[in-house]
Amino acid sequence: MTSAIVVSVNVGQPKPLAGKSGVSSIDKRGVDGPVAVQPLGLAGDTQSDKANHGGVDQAVYAYATEDLARWATILDRELTPGQFGENLSTRGVDVTGAVIGETWRIGSTLLQVSVPRIPCVVFQNWLAEPQWTKRFTEEGRPGAYLRVLEPGELAANDEIVIEHRPDHDVTIGLVFRALTTERDLLPRLLVAHDLPGDLYASVERAGEQLANES
């Protein structure tokens, strides 16, 4: 069986948005050699929109190259590792099926699956595809944000070892659908205590509201 690996480690710095005001760091490029990973992310990487991205619960963004290849076929264009703004382009690990709270050992780091990526207007403008946010949402392959439980170093071609998987069925895909297209799924998320605290609290409130409406 082929091991799960990191295909590319990608970082980006703030750049002006084409035809728009402001800057973004969504343009990630692969780097060679080991990269230091700290609680707020990778060395050499910047989150420009700190109100909506970054922080300890969104320190590192992973996206599967298998899903990137699927999108390349759908869109009929070349997509390279890092083009979705991901820090880690992976192969051989089911990112959409990753369970909230599961941990990945990569190099000397230990990372924890925390929450899916929700597409935004910056992503829409960056890909320049018609109705991109809607299409990305409907496809349901959002990629996963990761916390850094143990800082260290990682590099391209490092193996991804799943060290722990919680005993529940709340996956990245399920959380994404609950937050976007299938709100009735929200109560199912309450068993995933490793969701970010603010998100967990909002899920509790939404669950109570759904219960009152039923």
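Conventions used here
- Residues numbered from 1 in each chain as written.
- Predicted model: local features only at pLDDT ≥ 70, side-chain atom pairs only at ≥ 80, totals over all residues.
- Heavy atoms only, no water.
- Helix = DSSP H or I, 4+ residues; strand = E, 2+ residues; numbered from the N terminus.
- Rg over C-alpha atoms; globule rule 2.2 N^0.38 Å.
- Buried < 20%, exposed > 50% of the residue type's maximum accessible area, 1.4 Å probe, protein only.
- Contact = heavy atoms within 4.5 Å.
- Areas by Shrake-Rupley, 256 points an atom, 1.4 Å probe, with all protein chains shown as cover.
- Lys, Arg positive; Asp, Glu negative; His and termini not counted.
- Charge placed at Lys NZ, Arg CZ, Asp CG, Glu CD.
- Axes fitted to C-alpha atoms, helices over the stretch in contact; angles between N-to-C directions.
- Parallel < 35°, antiparallel > 145°, perpendicular 65-115°, else oblique.
- Left-handed = near helix turned anticlockwise from the far one by under 90°.
- Nonpolar A, V, L, I, M, F, W, Y, C, P; charged D, E, K, R; others polar.
- Pairing = 2+ DSSP bridges.

A.B. asks: Just give me the short version of the overall build of the protein, but keep the residues and values in it.
C.D. replies: Per the secondary structure count, the protein includes five helices and 13 strands. Its C-alpha atoms give the protein a radius of gyration of 17 Å, near enough to 17 Å, the size a compact globule of 214 residues would have. If you line up the protein on its principal axes, its C-alpha atoms span 55 × 40 × 35 Å. A burial count over the protein gives 48% of its 214 residues as buried. Relative to all contacts within the protein whose residues are 6 or more apart in sequence, the contacts with residues 24 or more apart total 70%. Of the accessible surface of the protein, which amounts to about 10300 Å², a share of 50% is contributed by carbon and sulfur atoms. In the protein, 19 positive and 29 negative side-chain charges are present, and the distance between their average locations comes to 6 Å.

A.B. asks: Please set out the packing of helix H1 (residues 65-75) against helix H3 (residues 132-139) residue by residue, giving values where relevant.
C.D. replies: As a packed pair, H1 and H3 sit with axes 13 Å apart at the nearest point and diverge in direction by 130 degrees. Considered as vectors, H1 and H3 are oriented oblique to each other. When the axes of H1 and H3 are compared, the crossing they make is right-handed. For the pair formed by H1 and H3, the contact residues are Arg70, Trp71, Ile74 and Leu75 on the first element and Trp132, Arg135, Phe136 and Glu139 on the second. Counted by class, the contact of H1 with H3 contains five nonpolar, no polar and three charged residues.

A.B. asks: An account of the environment of Gln83 is needed here, citing residue identities and associated values.
C.D. replies: Its place among the elements puts Gln83 in the loop between H1 and strand S8 (88-91). Separated by 57 residues in the primary sequence, Gln83 and Ile26 have C-alpha atoms spaced 7.8 Å apart. When near neighbours in sequence (up to four residues on either side) are disregarded, Gln83 contacts Arg77, Glu78, Trp126 and Leu127.

A.B. asks: Describe the sheet that holds strand S4 (residues 29-30), with residues and values.
C.D. replies: The pairing of strands in a sheet comes from backbone hydrogen bonds and takes either a parallel or an antiparallel form. On the basis of which strands lie adjacent, the open sheet formed by eight strands has the order S4-S1-S8-S7-S11-S10-S9-S13 and mixed pairing. Either end of the sheet is taken by a strand with one partner, and the two such strands are S4 and strand S13 (160-164). Lying on the sheet, helix H4 (residues 172-180) is in contact with strand S10 (109-116) and strand S11 (144-150); it crosses S10 at an angle near 30 degrees.

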